[in-house]
Amino acid sequence: MLLIGGAGAYAIHKYWIASSLTTLQRIYFKQYLKSSYRSFLPKSKSHYTTLARVIRDPRTGRDISVAVRDYEVEPQLDESGRIKFDKGHYPIILLKSGIEHKQYSWQESISPDATAYQWFRDTIYEGQSIPGIWRPAWLGGVLILFLGTTGLTTLDAFAQRRYLKGEAIRGTRQLSPKHYEQRHRKANSYGIKVYVDRGKDD
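Residues numbered from 1 in each chain as written. Predicted model: local features only at pLDDT ≥ 70, side-chain atom pairs only at ≥ 80, totals over all residues. Heavy atoms only, no water.

### Some points on unusual backbone geometry
A positive phi angle, near 60°, is found at lysine 43, a position not held by glycine. Relative to the helices and strands, lysine 43 resides in the loop between helix 2 (23–38) and strand 1 (45–56). Overall, the relative accessible area of 86% leaves lysine 43 in the exposed class. In this structure, glutamate 126 takes a positive phi of about 55° despite not being glycine. By the secondary structure assignment, glutamate 126 is in the loop between helix 3 (113–124) and helix 4 (130–133). Classification of glutamate 126 by relative accessible area gives exposed; the value is 70%. (Helix = DSSP H or I, 4+ residues; strand = E, 2+ residues; numbered from the N terminus. Buried < 20%, exposed > 50% of the residue type's maximum accessible area, 1.4 Å probe, protein only.)

Quick look at the structure:
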């Protein structure tokens, strides 16, 4: 049942959770997972790749880099509906028309994992943690494990109580002398065959 529960959790993740994620949430998921568990390590840093656009700050007049959001992009898909990749192995994501930008590209950086985790959580995943995203999967796996174990236990207990001509098909039962007497009132023997050695009698 552990294997079945695990398989059920994986199926829920693949066909329900993954399909409900947005384009950038699917692209960033592995990095978000990495930053999630590495954020507990003190002074830990890792390599991250994010999509950003450069715009002019109206207050200072300087160029600043801002994160690209899901509602600003259009992924380029292949015939099977998967996101295409360029020669540099970056996902091909185009900005929608009318989105301001002077420059638009994938940016690589070495950042503290705790900072990256907070950025992914607040900016991309709308405050959802990894356990929160996976909640339907692990709850489904636990439910399958519980129901399956309960069902098999009940089935086994039912099979143990089946009788054939007054005897249990499987296993044995422990009875007190009083209960044995009540259940076997008509029995006139224990049903044990005894063989007599007639050679000695002779």
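### Things to note about the sheet that holds strand 5 (residues 103–112)
Strand order across the open sheet formed by three strands is 2-1-5, with antiparallel pairing between neighbours. At either margin of the open sheet sits one strand with a lone partner, and together these are strand 2 (63–67) and strand 5. Across the sheet, the mean angle from the axis of one strand to that of its neighbour is 45°, orientation sign disregarded. Pairing between strand 1 and strand 2: five bridges, direction antiparallel. Paired with alanine 52 across the strands is alanine 67, a residue of strand 2. Against the sheet, helix 2 engages strand 1 and strand 5, with an angle of about 135° to strand 1. The strands that helix 3 touches are strand 1, strand 2 and strand 5; relative to strand 1, the one it contacts most, it runs at about 50°. (Pairing = 2+ DSSP bridges. Axes fitted to C-alpha atoms, helices over the stretch in contact; angles between N-to-C directions. Contact = heavy atoms within 4.5 Å.)

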